[in-house]
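Summary of structural features
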Amino acid sequence: MLGNEVCSVCGDKASGFHYNVLSCEGCKGFFRRSVIKSAQYSCKNNGHCEMDMYMRRKCQQCRLRKCREAGMLEHCVLSEEQIRLKKMKKQEEETARTSTEVAPTPPQEVATLDPQQQEMIEKLVAMQKQCNKRSFLDRPKVTPWPQSQDLQNREVRQQRFAHFTELAIMSVQEIVDFAKQLPGFLELTREDQIALLKTSTIEIMLLETSRRYNPSIDSITFLKDFSYNKEDFAKAGLQFEFINPIFEFSKGMNDLHLDEAEYALLIAINIFSADRPNVQDHDLVERLQQPYVDLLRSYIMIKRPNDHLMFPRMLMKLVSLRTLSSVHSEQVFALRLQDKKLPPLLSEIWDVNE
């Protein structure tokens, strides 16, 4: 791929060939979920909707029709069990390959951080703590989590949804505050600042969510006093197609045992992503990102000198966040179908047309 290919279904930026068709992550996930659930959709326009990036969220029937017309094949979709077995086989092959590699490794140079890099790490960690503390101290009274088990009660469902949206608003405010303090961010035009924040915020929220994952109770804890498992998320109106990937990603991040500095650097790298839609000055964004990438590499070499795969493994987590972000867009659309009205800040940051 050259990097400028478009999705054969909706015209968005393509990420590769999926189910026999060049498509984006969103249409790939939509087709897979539709096939696995044997979904039946209806169209208000008798199946004549012109499919594009806007209409793909409005008409699922025509989107599925366009997927098939483009050439997507249902038999290429693997079941959850097939995917699990495929992952296990891949892990076994990697383990076997690693155990047979007996060639001596060349001596590695001892990595060190210069005073400027050390100061940058300390500053990033302090900035993040300050933003989290400010959010905790200045937060309004969060809507109490209803204890009623009457899930058919519309008021109970609305209260639970409001509870999560208030937590989401606080997370967005933390991210914006952190980004504004990053060296170089305010050098960008206002338009590029908005473009970077709009597309990175949900990914950073998911990254921060994984940071709050507690494997012992399989739950996510916010603000030290709110813990939620998968069922709690579902009771607020979220779909398991969205909940399960979040928990799976969180477990994977938890296994890496990252510290505060590594999380802060990952977030900074994520914010300064020049390939985001509507970014104008790509060169400047790339120049601003590079010091954080170099610093993360050096920091990992010092902290984990024997784990040569940790740096690429961490960067691959940013790729996984792109896929999760696409699933999130589908979830936002599903909430709209349930008449769940998002607060103005979330509607703006997630580009939702009310």
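Within any chain, residue numbers begin from 1 and follow the written order of that chain's sequence. Confidence filtering applies because this is a predicted model: local features only for residues at pLDDT of at least 70, side-chain atom pairs given and counted only at 80 or more, and all residues used for totals across whole chains, interfaces and linings. Side-chain figures throughout are based on the complete set of non-hydrogen atoms in the structure, without hydrogens or water.

Focus: the overall build of the protein chain
Here is the rule we go by: Each helix corresponds to a stretch of at least 4 residues labelled H or I by DSSP, and each strand to a stretch of at least 2 residues labelled E; elements are numbered beginning at the N terminus. A simple rule labels every residue: compare its accessible area, found with a 1.4 Å probe on the protein chains alone, to the largest value its type can have, and call it buried under 20%, exposed over 50%, or partly exposed in between. What makes two residues a contact is simply this: any of their non-hydrogen atoms within 4.5 Å. All accessible-area figures derive from a Shrake-Rupley calculation using a 1.4 Å probe, and residue coverage is judged against the displayed protein chains alone.
For the protein chain, the count of helices and strands is twelve helices and five strands. A buried classification covers 46% of the 354 residues belonging to the protein chain. Contacts in the protein chain between residues far apart in sequence, at least 24 positions, make up 66% of those at least 6 positions apart. Accessible surface, the protein chain: about 19900 Å² in total, of which carbon and sulfur atoms supply 52%.

Description of helix α8 (residues 240–256)
Condition: For a helix, the expected span equals 1.5 Å multiplied by the number of residues minus one.
Helix length check: α8, at 17 residues, gives a terminal C-alpha distance of 24 Å against a target of 24 Å (1.5 Å per residue), a fit within 8%. For α8, the complete set of buried residues consists of F242, I243, I246, F247, F249, S250, G252, M253 and L256. After α8 finishes, the residue H257 shows a positive phi value of roughly 55 degrees.

Description of the state of the cysteines
Let me state the cut-off plainly: Note on disulfides: each one is a pair of cysteine sulfur atoms within 2.5 Å.
Inspection of the entire model under this criterion finds zero disulfides. Cysteine C59 shares no disulfide, and the gap to the nearest cysteine sulfur, in C62, comes to 3.5 Å. Residue classification places C59 among the buried residues on the basis of a relative accessible area of 4%.

Describing the packing of aromatic side chains
Stated formally: A pair of aromatic rings is counted whenever rings of Phe, Tyr or Trp (Trp by its six-membered ring) have centres within 6.5 Å, and the orientation is called stacked for planes under 30 degrees apart, edge-to-face for over 60 and tilted otherwise.
One pass over the structure, following the stated rule, counts five aromatic pairs. Through successive ring pairs, a cluster of aromatic residues spans F185, F272 and Y292.

Looking at the packing of helix α9 (residues 260–271) against helix α10 (residues 282–303)
Here is the rule we go by: Here an axis means a line fitted to C-alpha atoms, over the contact stretch when the element is a helix, while the angle between two N-to-C directions is reported on a 0 to 180 degree scale. Orientation categories follow fixed angle ranges, with anything under 35 degrees roughly parallel, anything over 145 roughly antiparallel, 65 to 115 roughly perpendicular, and all other angles oblique. A clockwise turn of the near helix away from the far one marks a right-handed crossing, whereas an anticlockwise turn of less than a right angle marks a left-handed crossing. Polar here means any residue outside two lists: the nonpolar Ala, Val, Leu, Ile, Met, Phe, Trp, Tyr, Cys and Pro, and the charged Asp, Glu, Lys and Arg; Gly therefore counts as polar.
Relative to each other, α9 and α10 sit at 155 degrees, their axes nearing to 9 Å. The pairing of α9 with α10 is recorded here as roughly antiparallel in orientation. In this structure, the crossing between α9 and α10 has a hand that is left-handed. Together, A261, E262, L265, L266, A268 and I269 of α9 and Q289, Y292, V293, L295, L296, Y299, I300 and K303 of α10 make up the contact between the two elements. Its residues assigned to classes, the contact of α9 with α10 comprises eleven nonpolar, one polar and two charged.

Some remarks on the environment of Y19
Counting through the fold element by element, Y19 comes out in the loop between β1 (16–18) and β2 (21–23). Not counting residues within four places of it along the chain, the set of residues in contact with Y19 comprises K28, F31, R32, G71, M72, L73, C76 and V77.

Some words on the nonpolar core
Generally speaking, nonpolar side chains in soluble globular proteins are found buried as a group. Put simply, the test is: We call a set of buried Ala, Val, Leu, Ile, Met, Phe, Trp, Tyr and Cys residues a nonpolar core when their side-chain atoms join them within 4.5 Å.
Counting residues in hydrophobic clusters, the biggest one holds 61 residues, and the most contacted among them are L182, F185 and F272. Of all the secondary-structure elements, those providing two or more residues to this core are α4 (115–138), α5 (154–181), α6 (190–211), α8, α9, α10 and α11 (310–337). What F185 contacts, discounting residues up to four positions off in sequence, is A179, K180, Q193, L196, L197, I271 and F272. Listed in part, the 19 residues of the second largest apolar core include C7, C49, C67 and M72.

What about the packing of α6 against α9?
Close contact between α6 and α9 brings their axes to 9 Å; oriented N to C, the two are set at 160 degrees. By the angle class used here, α6 and α9 are roughly antiparallel. Crossing geometry of α6 relative to α9 is assigned as right-handed. Counted together, L196, S200, E203, I204, L207, E208, S210 and R211 of α6 and E260, Y263, L266, I267, N270 and I271 of α9 form the full contact between these two elements. In terms of residue class, the contact of α6 with α9 is made up of seven nonpolar, three polar and four charged.

A closer look at the pattern of salt bridges
Note the threshold: Here, a salt bridge means any Lys or Arg side-chain nitrogen found within 4 Å of an Asp or Glu carboxyl oxygen.
Considering all chains together, one arrives at 13 salt bridges under this definition. Salt-bridge contacts for K28 lead to E25; the nearest nitrogen and oxygen are separated by 3.6 Å. Taken as a pair, K28 and E25 lie in helix α1 (residues 25–37) at a separation of three residues, close to a single helical turn. Across the pair R313 and D307 runs a salt bridge, and its minimum N-O distance is 3.5 Å. With relative accessibility at 26%, the residue D307 sits in the partly exposed group. Among the charged side chains, a salt-bridge network with shared partners connects D259, E262, K303 and R304.

What about the environment of L207?
Structurally, L207 can be placed in helix α6. Using a relative accessible area of 1% as the deciding quantity, one classes L207 as buried. Discounting residues that sit within four places of it in the chain, L207 has contacts with F249, M253, Y263, L266, I267 and L321.

Things to note about the environment of R65
Applicable threshold: Polar contact criterion, stated in full: a pair of N or O atoms within 3.5 Å, where within protein one must be able to donate a hydrogen and the other to accept it, and residues adjacent in sequence count only if both atoms are side-chain atoms.
By secondary structure assignment, the location of R65 is in helix α2 (residues 60–70). The partly exposed category is assigned to R65, whose relative accessible area is 28%. Expressed as a C-alpha distance, the spacing of R65 and H48, which sit 17 residues apart in the sequence, is 10.0 Å. Setting aside its immediate chain neighbours within four residues, R65 contacts G47 and C49. At a separation of 3.3 Å, a polar atom in the side chain of R65 contacts the main-chain carbonyl oxygen of C49.

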